[in-house]
Amino acid sequence: MNYDGVSLVLAIAAAARSYAPDVWFLVRRLLGAGVRIGAAALSDEPQSPATPTPTATRTLGGRR
């Protein structure tokens, strides 16, 4: 490996090390936004009311 290759590798390593905290901060922000958007989308969907099935009524309520 010549000196140009070594200096390029060192420069890339130094840049990666200096920008890594910013990249991780950005990744955490994007993941947090994705979770908030997903939770909001799930909570906006109308939920069907829970109605007991006839067999569940029979087994829970007994004979009438």
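As the structure is a prediction and not an experimental result, all values here were calculated from the model.

Undergrad: Would you mind going over the overall build of the chain with me for this structure?
TA: A tally of regular secondary structure across the chain gives 2 helices and 0 strands. With 64 residues in all, the chain has 2% of them scored as buried. In the form shown here, the chain has an accessible surface area of approximately 6300 Å², with 66% of it arising from carbon and sulfur atoms.

Undergrad: Got a minute to help me understand a nonpolar patch on the surface in this structure?
TA: Together, Tyr 19, Val 23, Trp 24, Val 27 and Leu 31 make up a nonpolar patch on the protein surface, roughly 550 Å² of accessible area in all. Mapped onto the fold, Val 27 is located in helix 1 (residues 3-44). For Val 27, a relative accessible area of 31% translates into the label partly exposed.

Undergrad: Honestly, helix 1 in this entry has me stumped. Any pointers?
TA: Along an α-helix, residues three or four apart share an orientation, since each turn contains 3.6 residues. The terminal C-alpha atoms of helix 1 lie 59 Å apart, and with 42 residues this matches the ideal 62 Å at 1.5 Å per residue to within 8%. The largest bend in helix 1 comes to about 45°, at Tyr 19, with the proline Pro 21 one to four residues further on.

Cut-off values and rules
Residues numbered from 1 in each chain as written. Predicted model: local features only at pLDDT ≥ 70, side-chain atom pairs only at ≥ 80, totals over all residues. Heavy atoms only, no water. Helix = DSSP H or I, 4+ residues; strand = E, 2+ residues; numbered from the N terminus. Buried < 20%, exposed > 50% of the residue type's maximum accessible area, 1.4 Å probe, protein only. Areas by Shrake-Rupley, 256 points an atom, 1.4 Å probe, with all protein chains shown as cover. Patch = residues over 30% accessible without salt bridge, like charges linked within 9 Å, V, L, I, M, F, W, Y side chains within 5 Å. Salt bridge = Lys/Arg side-chain N within 4 Å of Asp/Glu carboxyl O. Expected span 1.5 Å × (residues − 1). Bend = angle between axes of the 7 residues up to and from the residue.

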